[in-house]
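This is what each chain is made of:
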Amino acid sequence: MLRTALRNVLAHKARLVMTVLAVCLGVAFVCGTLVFAESSAAAYRAAASKNFAGIAVTVTPKDPPPGAVADQPAGVLDDALVRKLADVPGVAAVRPSVDGSATLNAADGSPLRAGKAWANLAAAYVPNADGEDSRYPLAEGRAPASSGELAVDRGTADAGHLRVGDMVTLATDGPVLTKRLVGIVTTQDTRVTAGGTLALFDRATAQRLFTTPGHYSSIDLSARAGTDQVALSSRVTALLPADRALATSGAAQAAQQATNVDMMTRGYQKMPKIFAGVALFIGSFLIVNTFTMLVSRRTREIALLRAIGATRRQVVRSVLWEAVLVGLAASAAGFVAGLGIASVLPDLLGSAQDPLPRGPLVIGARPVMAALGVGVGITVLAAWLPSRKAAKIAPIEALRSAEQPPTATASRVRAAVGLVLLVGGAGLLVSLTGAKDASDANLQNAMFGCALLVAAMITLAPLLAVPVIRLGGRLTGRFGVAGHLARENALRDPRRTAATASVLMISTALVAGLAVIGHSTSGALDRQAASGLSADYVVGSRTTTTAIDPAAVRRVADLPGVKTASAVADSTLFTGGKVRSISGVDPATVDKVMQLDFVSGSLKDLGPGRIALSSSAAREQGVSAGGKVNAHIGPGDDFKEYTVVGVYQDNPIADDALGARSEVQQHSFKPGTVQRILVRTDGGAVSKATGDRLRTATGNSPLVQVKDRAELVREAAGSMGELLTLMYGLLAIGVVISLLGIVNTLAMSVAERTREIGVLRAIGMDRAGIRRMIRLEAVTVAAFGTLLGLAGGLFGAWAVGSLAGGAMTQYSLSLPWGTLLLVCLVSLTVGAVAAAVPARRAAALSPLEAVAET
């Protein structure tokens, strides 16, 4: 039977290629997404991690106790302590460090990796006795030696097109700095090699920027051979002021960092895993469908083996050996193809403005096990179920007919199961339409309801195929005899038709549903981003830890063409255990740059001790205009009573509360600064020249961004656009797999109907008619899958989309007609394209040879 399996595999080379390709694609998509998930997580871990190799103990300043005021952020870590630590028994070397963050502008003035906390590293170049810093070997130029100089790593220089001798603008957390690039270094710091930037200053300049003159942010100690880290840490601790510095072993730091980074990067693995799960489902479906058709096609062959003495077990074993051989070959090819997919996904999902961290491909045990599980395990399972069923058929009955229609009992069971799944899934989704709450529990229920709905569609598809295709047969009937025959051929085996259409149905439902939700959400975000804003430009800081110099407000206001420049100071408002955002505004100018719709009260009396609340915040506190709220602004615990002077409709520009800028400004993370400038121009003029003047007025800082209303809308829809791009990638997977499925089905159908096609040719149907019949059959199958997919996707989008109403008050269901039409056209085109090869093969059959075939 093993020889039979080998000969069977090699005897049908075309069938072998199609089967291997089907399995290979399923394996490739699953392995590729799993490798990408692990590689991207490793890259994020590297980007957020410090390398503790060779570090035995690190000394850092201890945070002051709550309520205490720190005299200096690193006042104890000075050169005197460095010398003391060098004399501790067991210490081999002492390396003081000054670390911070700096965002650089590229040669064209655009910021490099702006807004990425992991990406903008800065440090002091601290030379050894030989005049070099071993952590940063020089590749070009020299080390920075004065306050007007800096060095960068090779990756930063290449990304920003910077050369030695260029003047570079940068910012830490204050005004813009300009320094001359004097050196380019290399580094093994994984935070930099993962795609971050590195700026190096001389020691004095770094201390002035990030600590205080003469002090360091940390001191790393390496140990002599045979020295225990814990014992060395204890000796170092004895030297330190107990209340001002802390010594931690390298092993303890690495363990703590691993825990922190795992928590930080856990979210980055979710989307690739979802992608892998969808790919696994669709890929497995293709494999099962292909082998089900393959074994069904060989029912007579299996019956012949039974007739000449083969037992049921031997027949099943022969098919399983064939599945193992095909699975192993396809798994190897699919795994290699999956590595190619994993290598291009970062470029597809990242962008020049928001790149993903870089790193090598991580090939762990899961992708390898997935390759074997999908390629061999699912293939064997897909072959075992139909082969076992075929082996049970009596040889004489199997030789009489290759088609075994389902019994009435089986159809009733299928209908009952499908209806239960449909009622359960649809009922659960309908019950969520009134929730208006996008909580985790509701989202999980929605996903479960969608899964039940998909299972119901797959289960009921063979039963729906007959009425739906008969209804659609009125269209194919317009093509004459070829159209009628195409309809009857699609109805000949509803189970196979439904199985072939199911992959296309699932991918269409996925994309149609997500396209509707994405389009509706994008529209809501567009309206929300622009609503409440009458200003033409928003000048703001890129991160929550940076601010705008108040002097920039005056420079912006003095620019030609600027009608109003209103500064906004952002902070937090603590009320009854809740944390809200509060914007400090100038009552005299705020009505010229914000569109505020007051439910009650106004901003006329806004001032110290008096605030205005959004409708949701007021509802949560149970107050209205004239009421009192016990709260405090910014850090601290000095609660006091605030009078609510007005309640306005929720406004994304105004945040949850409005206060007087003179008060809020003093309680921000940087007292006296502002975070936004809302600018209104004469006549609402928006131009590149105006934007450039605004950037110049703010010092062209890489930490400050200038956006007009259109850019705010595009930014609000950006994340949704990325999600839709990923979902269209899933559609592409579904289209390719559906294409193969339809090709497989038609190729086997043509082989089964060789005599029938010969008879048609013999009684007068020409080759063009044969090709038309096959193409119409493929389009009919594709249309059936597309119709069911659209129905399921639109229903799911209506039910699930209602949950977004709780998070976005302006959400309303909106159908992207262009996208839905494109999905339909793509799906029907898939059917037509898939039919090309089988149709040509069918038309090329000789009538006499076809009729004579047994």
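Residues numbered from 1 in each chain as written. Predicted model: local features only at pLDDT ≥ 70, side-chain atom pairs only at ≥ 80, totals over all residues. Heavy atoms only, no water.

Undergrad: What is the right way to look at the packing of aromatic side chains in this model?
TA: Any two aromatic rings considered together are summarised by their centre-to-centre distance and by the angle between their planes. For the coordinates displayed, the defined rule picks out three aromatic pairs. Relative to Tyr-648, the ring of Phe-598 lies with its centre 5.9 Å away and its plane at 70°, an arrangement referred to as edge-to-face. One end of the pair, Phe-598, is in strand S16 (residues 598–601); the other, Tyr-648, is in strand S19 (residues 640–648), with 50 residues separating them in the sequence. By relative accessible area, Phe-598 is classed as partly exposed at 23%. Its relative accessible area of 0% is what places Tyr-648 among the buried residues. (Phe/Tyr/Trp six-rings, centres within 6.5 Å; stacked < 30°, edge-to-face > 60°. Helix = DSSP H or I, 4+ residues; strand = E, 2+ residues; numbered from the N terminus. Buried < 20%, exposed > 50% of the residue type's maximum accessible area, 1.4 Å probe, protein only.)

Undergrad: Before we go on, may I ask you to explain the environment of Thr-172 in this structure?
TA: Along the polypeptide, Thr-172 turns up in the loop between strand S8 (167–171) and strand S9 (177–185). For Thr-172 and Leu-121, which are 51 residues apart along the polypeptide, the C-alpha to C-alpha distance reads 9.8 Å. In contact with Thr-172, other than residues within four places in its own chain, are Ser-101, Ala-102, Leu-209, Phe-210, Thr-546 and Leu-703. (Contact = heavy atoms within 4.5 Å.)

Undergrad: What should I look at first to understand the pairing of S8 in this one?
TA: Within a regular strand, the side chains alternate between the two sheet faces. Here strand S4 (residues 103–104) runs beside S8; their pairing, made up of two bridges, is antiparallel. Residue pairing in the sheet places Leu-104 in a bridge with Leu-170 of S8. (Pairing = 2+ DSSP bridges.)

Undergrad: Just to check I follow, could you spell out the pairing of strand S12 (residues 245–249) for this structure?
TA: Burial along S12 is one-sided: Ala-245, Ala-247 and Ser-249 are buried, while Leu-246 and Thr-248, pointing the other way, are not. The pairing of strand S1 (residues 57–61) with S12 spans five bridges and is classified as antiparallel. What sits directly across from Val-57, in S12, is Ser-249.

Undergrad: Any chance you could explain the nonpolar core here in plain terms?
TA: Nonpolar side chains in soluble globular proteins tend to end up buried together. With 38 residues, the main nonpolar core has Val-59, Leu-104, Leu-150, Phe-201, Ile-219, Leu-221 and Val-236 as its most contacted residues. In terms of residues, this core owes the most to one element, helix H3 (residues 79–86), which gives three residues. Setting aside residues up to four positions removed in sequence, Leu-150 forms contacts with Leu-104, Pro-144, Val-168, Lys-179, Arg-180, Leu-181, Val-182, Gly-183, Ala-199, Leu-200 and Phe-201. (Core = buried A, V, L, I, M, F, W, Y, C linked by side-chain atoms within 4.5 Å.)

Undergrad: Help me understand the packing of helix H28 (residues 817–834) against helix H29 (residues 836–843), please; the structure alone is not making it clear to me.
TA: When two helices pack together, their arrangement is given by the angle between the helix axes and the distance between those axes. In contact at an axis separation of 5 Å, H28 and H29 are set at 35° when each is read in the N-to-C sense. On the side of H28, the interface is formed by Ala-832, Val-833 and Ala-834, while H29 contributes Ala-836, Val-837 and Pro-838. When the residues that make up the contact of H28 with H29 are grouped by side-chain class, the tally is six nonpolar, no polar and no charged. (Axes fitted to C-alpha atoms, helices over the stretch in contact; angles between N-to-C directions. Nonpolar A, V, L, I, M, F, W, Y, C, P; charged D, E, K, R; others polar.)

Undergrad: Which parts of the structure should I look at to understand unusual backbone geometry?
TA: For residues that are not glycine, phi is negative in most cases, and the peptide bond is trans in most cases. Positioned with a positive phi, His-161 is a non-glycine residue whose angle comes to about 55°. With respect to the element layout, His-161 can be found in the loop between helix H4 (154–160) and S8.

Undergrad: Whenever I open this one, helix H6 (residues 203–210) confuses me. Can you help?
TA: Helical periodicity: at 3.6 residues per turn, an α-helix aligns residues three or four positions apart in one direction. Of the residues making up H6, those classed as buried are Thr-205, Ala-206, Gln-207 and Phe-210. Elements in contact with the buried residues of H6: strand S3 (99–101), strand S5 (120–125), S9 and strand S10 (197–202).

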